[in-house]
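Observations on the three-dimensional arrangement
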Amino acid sequence: MTMLRNVPQVSYYESIADIHLGMSTDEVQAILGTPSTKGPLKSLYVLNGWYYADKKLALSFKGDTVDGIYLLKGSKLRFKQSGLNADNSLPTFAEEYKFQSPALRKGTTYPIGHEEYMYFDDQGQYVWLKNQPS
């Protein structure tokens, strides 16, 4: 006899290195290991996060749940759905994710569907995958 439990399934669209929004800190550590830095990531304006220097990847959390993934310029990692990374241009992202904006500009958040958003920082240093439009 098997006991069944009703456990909520986290739904996501985009991921990087098998990390997606909604994952727990334990799940992240099981995949990526211990981060280089934990705590305030002032260079990214992240109040509390983890930074993996060798991967050029940073994560922000709400409680113990991933609510932001920052892919930094120069990272060899790529977004799973598009194959793009922070070295790709904003117009390339716009074409791949079908941004509905007549004027593309950095420092702006764009919806990619599935209640996920991408933000492109002003200096072009990272792309931020998040679950909030602002």
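The structure under discussion appears in the preceding block.
Description of the structure in this document. (Residues numbered from 1 in each chain as written. Predicted model: local features only at pLDDT ≥ 70, side-chain atom pairs only at ≥ 80, totals over all residues. Heavy atoms only, no water.)

What follows deals with helix H1 (residues 25–32). Buried within H1 are the following residues: Thr-25, Val-28 and Leu-32. Summarising the axial view, the buried residues of H1 lie within an arc of 60°, below the 170-degree limit, and thus occupy one face. Of the exposed residues in H1, the ones pointing more than 90 degrees away from its buried face are Asp-26 and Ala-30. Two residues or fewer after H1 comes Gly-33, characterised by a positive phi angle close to 85°. (Buried < 20%, exposed > 50% of the residue type's maximum accessible area, 1.4 Å probe, protein only. Helix = DSSP H or I, 4+ residues; strand = E, 2+ residues; numbered from the N terminus. Arc of directions from axis to C-beta.)

Attention shifts here to the side chain of Ser-60. In this fold, Ser-60 is placed in strand S5 (residues 57–62). Looking at Ser-60, its side chain comes within polar contact range of the side chain of Asp-67, at 2.8 Å. Leaving out residues up to four positions away in the same chain, Ser-60 has contacts with Val-46, Asn-48, Gly-49, Thr-65, Val-66, Asp-67, Gly-68 and Tyr-70. (Polar contact = N/O pair within 3.5 Å; in protein donor to acceptor, adjacent residues only side chain to side chain. Contact = heavy atoms within 4.5 Å.)

A separate point is the packing of aromatic side chains. Across all of its chains, the model carries 12 aromatic pairs by this definition. Summarising the aromatic geometry, the rings of Trp-50 and Phe-61 are spaced 4.8 Å apart at their centres and angled 55° between planes, so their arrangement reads as tilted. You can see Trp-50 sitting in strand S4 (residues 46–52) and its partner Phe-61 sitting in strand S5, a full 11 residues away along the chain. Trp-50 sits in the buried class, given a relative accessible area of 8%. By relative accessible area, Phe-61 is classed as buried at 13%. Look at Tyr-119 and Tyr-126: their rings are 6.5 Å apart centre to centre, the planes differ by 35°, and that puts the pair in the tilted class. With relative accessibility at 9%, the residue Tyr-126 sits in the buried group. Taken together, Phe-79, Phe-93, Tyr-97, Phe-99, Tyr-110 and Phe-120 form an aromatic cluster joined through their ring pairs. Its guanidinium or amino end placed over the ring of Trp-128, Lys-130 lies 4.3 Å from that ring's centre, counting from NZ or CZ. (Phe/Tyr/Trp six-rings, centres within 6.5 Å; stacked < 30°, edge-to-face > 60°. Lys NZ or Arg CZ within 6 Å of the ring centre and 35° of its normal.)

To continue, consider unusual backbone geometry. Not every positive phi belongs to a glycine, and Asp-18 is a case in point at roughly 65°. Following the sequence through the fold, Asp-18 ends up in the loop between strand S1 (15–16) and strand S2 (19–20). On the basis of relative accessibility, which here comes to 54%, the residue Asp-18 falls in the exposed class. With phi around 60°, His-114 is a residue other than glycine that occupies positive phi space.

What follows concerns the pattern of salt bridges. Evaluated as defined, the whole model comprises one salt bridge. Taking the shortest distance from any N to any O, the salt bridge between Lys-55 and Asp-54 comes out at 3.3 Å. On the accessibility criterion, Lys-55 (23% relative accessible area) is partly exposed. Assessed through its relative accessible area of 64%, Asp-54 is described here as exposed. (Salt bridge = Lys/Arg side-chain N within 4 Å of Asp/Glu carboxyl O.)

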